[in-house]
Amino acid sequence: MRARREALGWSQEKVGVLIGIDESSSRARISRYELGVHEPAVATARLIAEALGVSLPYLYCEDDEVASLLEALHQLPAAQRARRARQFLDSLA
């Protein structure tokens, strides 16, 4: 989450405000999420993912390479995504 936010050049406060957190507490809440002190509810995580332009699974991925793979798939149109995912899974077998 932090890496994506920083890649966009956004502050924690901006992300918080974009998802509807009061400006006075948005920086602290987003900081706690990024540090893992608190885990956002799924509904909040969805809002964060939408604001950052990433998929929900991206936020929960602990491996940067896997997160990049998920995002590459997520950016594809649905039919192409399904075909590529099947190809990748078949290649692992």
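Notes on the structure follow. Quick caveat: nothing in here was measured; it's all calculated off a predicted structure.

## Describing the overall build of the protein
Then, in step 1: For the protein, the helix and strand inventory stands at 7 helices and 0 strands.
Then, in step 2: Mapped in sequence order, the helices and strands of the protein form the string α-α-α-α-α-α-α.
Then, in step 3: With respect to the three principal axes, the spread of C-alpha positions in the protein is 50 × 25 × 25 Å.
Then, in step 4: Looking at the protein residue by residue over its 93 residues, the buried ones come to 26%.
Then, in step 5: Put simply, 28% of the contacts in the protein that link residues at least 6 apart link residues at least 24 apart.
Then, in step 6: Accessible area of the protein: about 6,300 Å², with a carbon and sulfur share of 52%.
Then, in step 7: Placing the 12 positive and 13 negative side-chain charges of the protein at their respective mean positions leaves the two points 5 Å apart.

## Quick word on the side chain of Ser 55
Then, in step 1: Relative to the helices and strands, Ser 55 is located in the loop between helix H4 (42–52) and helix H5 (56–60).
Then, in step 2: At a separation of 2.7 Å, a polar atom in the side chain of Ser 55 contacts the side chain of Glu 71.

## Quick notes on the layout of surface pockets
Then, in step 1: Estimated volume of the largest pocket: approximately 550 Å³.
Then, in step 2: Residue lining of the largest pocket: 21 residues in total, with Met 1, Glu 34, Leu 59, Tyr 60 and Cys 61 positioned closest to the centre.
Then, in step 3: Those elements that place two or more of their residues in the lining of the largest pocket are helix H1 (2–8), helix H3 (23–35), H4, H5 and helix H6 (64–74).
Then, in step 4: For the lining of the largest pocket, the element with the highest residue contribution is H6, accounting for 4 residues.
Then, in step 5: When its residues are assigned to classes, the lining of the largest pocket shows 12 nonpolar, 3 polar and 6 charged.

## As for the nonpolar core
Then, in step 1: Core analysis: the biggest nonpolar cluster contains 14 residues, and Ile 30, Ile 48, Leu 52, Val 54 and Leu 59 have the highest contact counts within it.
Then, in step 2: Contributions of two or more residues to this core are made by H3, H4 and H5.
Then, in step 3: In terms of residue count, the dominant contributor to this core is H4 (4 residues).
Then, in step 4: Those residues in contact with Leu 52 that lie beyond four places of it in its chain are Met 1, Arg 4, Arg 5, Leu 8, Trp 10, Val 15 and Leu 59.

## Let's talk about a nonpolar patch on the surface
Then, in step 1: On the surface, Leu 69, Phe 88, Leu 89 and Leu 92 cluster together into a nonpolar patch covering about 400 Å² of accessible area.
Then, in step 2: With respect to the helices and strands, Phe 88 occurs in helix H7 (residues 78–92).

## Structural notes on the pattern of salt bridges
Then, in step 1: Scanning the model with the defined rule gives 3 salt bridges in all.
Then, in step 2: The salt bridge partner of Arg 2 is Glu 6, with a shortest N-O separation of 2.9 Å. Pair noted here: Arg 2 and Glu 6 are both in helix H1, with a separation of 4 residues, about one helical turn.
Then, in step 3: Exposure remark for Arg 2: the relative accessible area of 48% places this residue in the partly exposed category.
Then, in step 4: When its relative accessible area of 42% is taken as the criterion, Glu 6 is described as partly exposed.
Then, in step 5: For Glu 34, the salt bridge is made with Arg 5, and the minimal N-O distance between the two is 2.6 Å.

Criteria and thresholds
- Residue indices begin from 1 for each chain and proceed along its sequence in written order.
- Local features are withheld for residues below a pLDDT of 70 in this predicted model, meaning they are given only at 70 or higher, and side-chain atom pairs are given and counted only at 80 or more; totals for whole chains, interfaces and linings count all residues.
- Hydrogens and waters are ignored; side-chain quantities use all the structure's heavy atoms.
- The way it works is that DSSP assigns letters per residue, a run of H or I at least four long becomes a helix, a run of E at least two long becomes a strand, and they are numbered from the N terminus.
- Partly exposed describes any residue whose relative accessible area lies between the buried limit of under 20% and the exposed limit of over 50%, with all areas from a 1.4 Å probe on protein chains only and scaled to the type maximum.
- Contacts are residue-level and defined by heavy atoms, with any inter-residue pair within 4.5 Å sufficient.
- Here, Shrake-Rupley sampling with a 1.4 Å probe gives the accessible areas, and only protein chains in the shown set may cover a residue.
- Charge assignment: positive for Lys and Arg, negative for Asp and Glu; neither His nor the chain ends contribute.
- The location of each charge is read from NZ of Lys, CZ of Arg, CG of Asp or CD of Glu.
- Identification of polar contacts relies on pairs of N or O atoms within 3.5 Å, with a donor-acceptor requirement for protein atoms, meaning one able to donate a hydrogen and the other able to accept it, and with residues adjacent in sequence counted only if both atoms are side-chain atoms.
- The pocket and cavity definitions rest on a 1 Å grid over protein atoms only: a 1.4 Å probe that fits but cannot leave marks a cavity, an open set with protein on both sides within 12 Å along at least five of seven lines marks a pocket, and residues lining either have an atom within 4 Å of a point.
- Grid points are joined across faces, edges and corners, and a volume is the space filled by probe spheres set on the points.
- Under this grouping Gly is polar, as are all residues other than the nonpolar Ala, Val, Leu, Ile, Met, Phe, Trp, Tyr, Cys and Pro and the charged Asp, Glu, Lys and Arg.
- Nonpolar core, defined: a set of buried Ala, Val, Leu, Ile, Met, Phe, Trp, Tyr and Cys residues in which side-chain atoms within 4.5 Å join the residues together.
- Here the term patch refers to residues with relative accessible area over 30% and no salt bridge, with like charges joined within 9 Å and nonpolar side chains (Val, Leu, Ile, Met, Phe, Trp, Tyr) within 5 Å.
- Salt bridge, as used here: a side-chain nitrogen of Lys or Arg that lies within 4 Å of a carboxyl oxygen of Asp or Glu.

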